[in-house]
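# Inside the fold
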Amino acid sequence: MIFYFSGTGNSRWAAQKIAALTNDEAFDIIQCTDVPDVTHETQIGLVFPIYAWGAPEPVLTFVKKIHRKTQFTFGVCTCGEEAGLAMKKFSRFFPLDSSYSLVMPNNYIIGADVDDEETARQKITAAKHAIEQLSREILQQKRTYHVHEGRFASLKSGLVHFGFEHFARSTKPFYVTDACNGCGLCAAHCPANTISMAQKKPVWAQRCFQCLRCINECPQAAIQYTKATERRSRYTFPHEKP
């Protein structure tokens, strides 16, 4: 079994690709309402994005429910460039036999604009090749650690990630412009169930996962997070072309 969490599609795509190449199935952890039965599984995989050089809260919460035995376990994290010590820290919650990082197009438009189309295309092409290689290793149940941690990994996955979890997950900066048509897509698709609709406009509860699905998926580009995002593009994983 392969379990994934994905905000704008990068990790979902990666999980589904790996599942296809390893004769496995991929499941969205947000849709897993019951504790997964992995008793008869030979391998357990986790695929998720890196948030401020750490693993997202819903992934850490989910893996605590999994009662693994002797299965081969692997983790693949998607990131814009580097993962810090995220996978090593994740292994404290759920021990991994193999760990990988996978560079994917940027979607964190709070920090910077998305990649241009050519850069995004190149990253996806490189990721396809990387997935083919890691999938072969997963089939062999090869134990490896192929994660680009980057510089100052300890600081980033320590102090910076702590700051993200305690201060940067506020929903107060979210707002909608007059372009909002009240379609309700943001509320329907929010993994944290933190968005509701009031008078045909989205309203956020106090905290969210910061997956940014709402802001990137909005058909009208009406959702903003401070004025800075009004000048930035949006990103969701593109449909594959033949």
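Residues numbered from 1 in each chain as written. Predicted model: local features only at pLDDT ≥ 70, side-chain atom pairs only at ≥ 80, totals over all residues. Heavy atoms only, no water.

Under the annotation held in an unreviewed UniProt entry, the protein chain carries the name Ferredoxin and is attributed to Candidatus Ruthenibacterium merdavium. What UniProt states about the protein chain under its Function (unreviewed entry) heading is, verbatim, "Ferredoxins are iron-sulfur proteins that transfer electrons in a wide variety of metabolic reactions." The Cofactor (unreviewed entry) field of the UniProt record for the protein chain holds the comment "[4Fe-4S] cluster". (UniProt positions renumbered as here; feature names shortened; annotations may be inferred.)

### Some words on the overall build of the protein chain
Of the regular secondary structure elements, the protein chain holds seven helices and ten strands. The C-alpha atoms of the protein chain give a radius of gyration of 18 Å, which matches the 18 Å a tight globule of 242 residues would have. Expressed as a percentage of the 242 residues in the protein chain, the buried residues total 49%. Pairs at least 24 residues apart make up 75% of the contacts formed inside the protein chain by residues separated by at least 6 positions. Carbon and sulfur atoms make up 52% of the accessible area of the protein chain, which totals about 12600 Å². The centroid of the 28 positive side-chain charges in the protein chain is displaced by 5 Å from the centroid of its 23 negative side-chain charges. (Helix = DSSP H or I, 4+ residues; strand = E, 2+ residues; numbered from the N terminus. Rg over C-alpha atoms; globule rule 2.2 N^0.38 Å. Buried < 20%, exposed > 50% of the residue type's maximum accessible area, 1.4 Å probe, protein only. Contact = heavy atoms within 4.5 Å. Areas by Shrake-Rupley, 256 points an atom, 1.4 Å probe, with all protein chains shown as cover. Lys, Arg positive; Asp, Glu negative; His and termini not counted. Charge placed at Lys NZ, Arg CZ, Asp CG, Glu CD.)

### Comments concerning the sheet that holds strand β4 (residues 72–79)
Spatially, β2-β1-β3-β4-β5-β6 is the arrangement adopted by the six strands of the open sheet, whose pairing is parallel. The open sheet terminates on both sides in strands that have one partner only, identified here as β2 (26–28) and β6 (145–146). Pairing of strand β5 (residues 98–103) with β6, which is carried by two bridges, proceeds in the parallel orientation. Residue pairing for β6: S99 is matched across the bridge by Y145. On the sheet, helix α1 (residues 10–21) packs against β1 (2–4), β2, β3 (43–49), β4 and β5 and is oriented at approximately 170° with respect to β1. (Pairing = 2+ DSSP bridges. Axes fitted to C-alpha atoms, helices over the stretch in contact; angles between N-to-C directions.)

### Comments concerning the packing of α1 against helix α4 (residues 117–139)
Contact pair α1 / α4: the axes reach a minimum separation of 9 Å and the direction vectors enclose 45°. One finds that α1 runs oblique with respect to α4. Seen from above, α1 lies across α4 with right-handed handedness. Mapping the contact onto sequence places W13, A14, K17, I18 and L21 in α1 and I124, A127, K128, I131, E132, L134, S135, I138 and L139 in α4. Partitioned by chemical class, the residues of the contact of α1 with α4 number ten nonpolar, one polar and three charged. (Parallel < 35°, antiparallel > 145°, perpendicular 65-115°, else oblique. Left-handed = near helix turned anticlockwise from the far one by under 90°. Nonpolar A, V, L, I, M, F, W, Y, C, P; charged D, E, K, R; others polar.)

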